[in-house]
Amino acid sequence: MKEVIQNLLKNRLEELLKDRVIETLPIEIRVDHSKDKTQGDFATNIAMVLSKQAKSSPRDLAAKIIEGMAQSDAVKKIEIAGPGFINFFLSADANFKIIEEILEAGSHFGLSKFGADTRILLEFVSANPTGPLHVGHGRGAAYGATVANLLRSQGYSVDCEYYVNDAGRQMDILAVSVYLRYINSTIFPVNGYQGSYILDIAKQIKDLPEVNIFKNVSPDETEGGDKEKHIDDLISNCKELLGNEYLRLHDFACNQILQDIRKDLEEFHVVFEKWFSEKSLETNQLAPKIIDKLKQSDDIYEKNGALWFNTEKYGDEKDRVVVRENGLHTYFASDIAYHYEKYSRGYDEIINIWGADHHGYIPRVKASISSLGLNPEKLKVLLVQFANLYRDGKQVQMSTRSGSFVTLRELREEVGNDAARFFYVLRKSEQHMDFDLDLAKSKTNDNPVFYIQYAHARICSVMKQSNSQFGEIDFNCDLSVLTHEHEDKLIKELNRYQEILKNSARDYEPHVLAYYLKDLAGNFHSYYNSCEFITEDVHIRNARLTLISAVKQIIFNGLSILGVSAPESM
């Protein structure tokens, strides 16, 4: 119905343009659902938007718009409200039409081809393969997968990608940590990876030579030394003394953790089209090539034996090192190369989902894109805040390096995939999130995912009971008997679904859809408690069952996009 109203307005505005009442047509004719029933079903502020160029008050222009507008069977009444809003009241038949459309389209209802000509590369999670995914990664995984579902629902072509940081210092620290467990060393660096998973990996390794990698190593922090130099010395010794066997150790540790990450994500219904290896940038010598390319733009300069990128020129807070004094490329250099490679694939949009702690990293990445002569506006970075876990009202303390953290797998086993997926997207991604484990496990109406799923299961139960008692339902029934206040609310909610879905996709905001489903479920539960569905009156029975069948379909469709199941019994 929104499109019908927009077309009526567009046609009328074209007439006013022809009559020189207005000077130009608006880029967009905004039509919104009215929250208050007394203000109609839809409203537009178009008269306020155009009043200045029309040299008229918004209310006077609104009157001119309404005066010559074509008639439509879908619109029962049009009114001017407030400073110049135009409110549209739909006819009963127009409102009821949404029920027919939902039942006819089924699981396809709400899908559109709005973004059909746009290819998007969506990168998310991309956690270092130095340990299992923890609850913080879980939020990024749920958010990224749901954003992909939302975009695909609106016709966008989306490829999901995981950037595997399988090169660099953190992976060397992992290898050394595993090796020390392998040789059962009584000495362990304070900044090594200390989780029990390290020991599990070490137990699977066979036939590695046992060497003393502590020879000529600087003292650790516990001995008054520098912990970073201590671990770097251990890495250097491990590489030198193990020789080619070090690569086997390194790759085995990385692959074991990566396999676990893949399994965890697949069980969480998070699927990636591509896993991009950072090591491939080294193999293809892409980072050095990109540094050479940047030199041509005069954005690279030498200082103290290192190469610096003039990112401050592009709005970053300071310049950044891309090649260290020892000739090794920094992580930033690899990231520049990776983004250059992304751009080379021809996507229309590139979206990165990063942890909120990477906020300061955005200007320097966009600076490198600009310096390479590429369009930085093609890159969109969405930020996800960390998730804090609460049990029995107390925050669960976590530390990744020490190994004292709750893994995504442990969370899923405790609360289930559905609760985890739903709770993770229930708040705006850049807002802090407190994950209440006790609430997520509860079977009460306070638990939003239970509340929504219970509405779906309730409708399934009602339909089953009706079929058993009266046989098949006539969905081609007279809906004009739906005059109850709760029925009107439900129909208005059903009419909002397509717009909610489109806006959630456009703004990358799954929480908007989650809250819509919660409201829809709440309206249904109120209806369930106020009205009888399986009544002897066949007309009322068929109409009400038809209405709640449409509600059931929308709950199913919405939960599917959120990656949550819609059980038929609970």
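This is a predicted model, so every value here is computed, not measured.

1. Notes on the nonpolar core
In this structure, L249, L411, Y424, F435, L494 and L513 are the most contacted members of the largest nonpolar core, which totals 127 residues. Looking at this core, the element that brings in the most residues is helix 20 (residues 538–561), giving ten residues. Those residues in contact with Y424, other than ones at most four positions away along the chain, are V135, G138, R139, A142, F268, A387, L408, L411, M433 and F435. Grouped together as the second largest cluster of nonpolar side chains are 31 residues, Y163, F309, Y343 and L383 included.

2. A look at the layout of surface pockets
The rolling of a water-molecule-sized probe over the atoms marks out the regions of remaining empty space. Taken as a whole, the second largest pocket spans an internal volume of roughly 1400 Å³. What lines the second largest pocket is a set of 48 residues, and nearest its centre among them are K2, V31, D32, H33 and E499. For the lining of the second largest pocket, the secondary-structure elements that each account for two or more residues are helix 1 (2–18), strand 1 (31–33), strand 2 (42–44), strand 4 (85–90), helix 4 (92–105), helix 18 (485–506) and helix 19 (510–530). The element best represented in the lining of the second largest pocket is helix 18, accounting for 13 residues. Looking at side-chain class alone, the lining of the second largest pocket contains 14 nonpolar, 14 polar and 20 charged residues.

3. Some remarks on the sheet that holds strand 10 (residues 320–323)
If you walk across this open sheet you meet the three strands as 8-9-10, and the pairing is antiparallel. Two strands in the sheet have a free side with no partner beyond their single neighbour: strand 8 (300–303) and strand 10. For this sheet the average axis-to-axis angle between neighbouring strands, irrespective of direction, equals 45 degrees. The sheet contact formed by strand 8 and strand 9 (residues 306–309) spans four bridges and is antiparallel. Bridge pairing in strand 9 links I300 to F309. In this fold helix 12 (residues 331–344) packs onto strand 9 and strand 10, with an angle of close to 80 degrees to the strand it touches most, strand 10.

4. Things to note about the environment of N149
Mapped onto the elements, N149 comes out in helix 5 (residues 135–153). By relative accessible area, N149 is classed as partly exposed at 24%. When the C-alpha atoms of N149 and G563 are compared, they prove to be 8.4 Å apart, with 414 residues separating the residues in sequence. With residues up to four places along the chain from it excluded, the contact list for N149 reads R421, S560 and I561.

5. Describing the pattern of salt bridges
A complete count under the given rule lists 34 salt bridges for this structure. For the salt bridge of K55 with E23, the shortest nitrogen-to-oxygen distance reads 3.5 Å. Taken together, the residues span a long stretch of sequence, with K55 in the loop between helix 2 (46–54) and helix 3 (58–67) and E23 in the loop between helix 1 and strand 1 at a distance of 32 residues. Assessed through its relative accessible area of 53%, E23 is described here as exposed. Across the pair E245 and R248 runs a salt bridge, and its minimum N-O distance is 2.7 Å. On the criterion of helical spacing, the pair formed by E245 and R248 is a turn pair, its members being three residues apart in helix 9 (residues 244–267). In the salt-bridge network here, residues are joined through shared partners; they are D260, K263, D264, E267, R409 and R412.

Definitions and cut-offs
Residues numbered from 1 in each chain as written. Predicted model: local features only at pLDDT ≥ 70, side-chain atom pairs only at ≥ 80, totals over all residues. Heavy atoms only, no water. Core = buried A, V, L, I, M, F, W, Y, C linked by side-chain atoms within 4.5 Å. Buried < 20%, exposed > 50% of the residue type's maximum accessible area, 1.4 Å probe, protein only. Helix = DSSP H or I, 4+ residues; strand = E, 2+ residues; numbered from the N terminus. Contact = heavy atoms within 4.5 Å. 1 Å grid on protein atoms, 1.4 Å probe; cavity = no way out; pocket = protein on both sides within 12 Å on 5 of 7 lines; lining within 4 Å. Points joined across faces, edges and corners; volume = space filled by probe spheres on them. Nonpolar A, V, L, I, M, F, W, Y, C, P; charged D, E, K, R; others polar. Pairing = 2+ DSSP bridges. Axes fitted to C-alpha atoms, helices over the stretch in contact; angles between N-to-C directions. Salt bridge = Lys/Arg side-chain N within 4 Å of Asp/Glu carboxyl O.

By themselves these figures say nothing about function.
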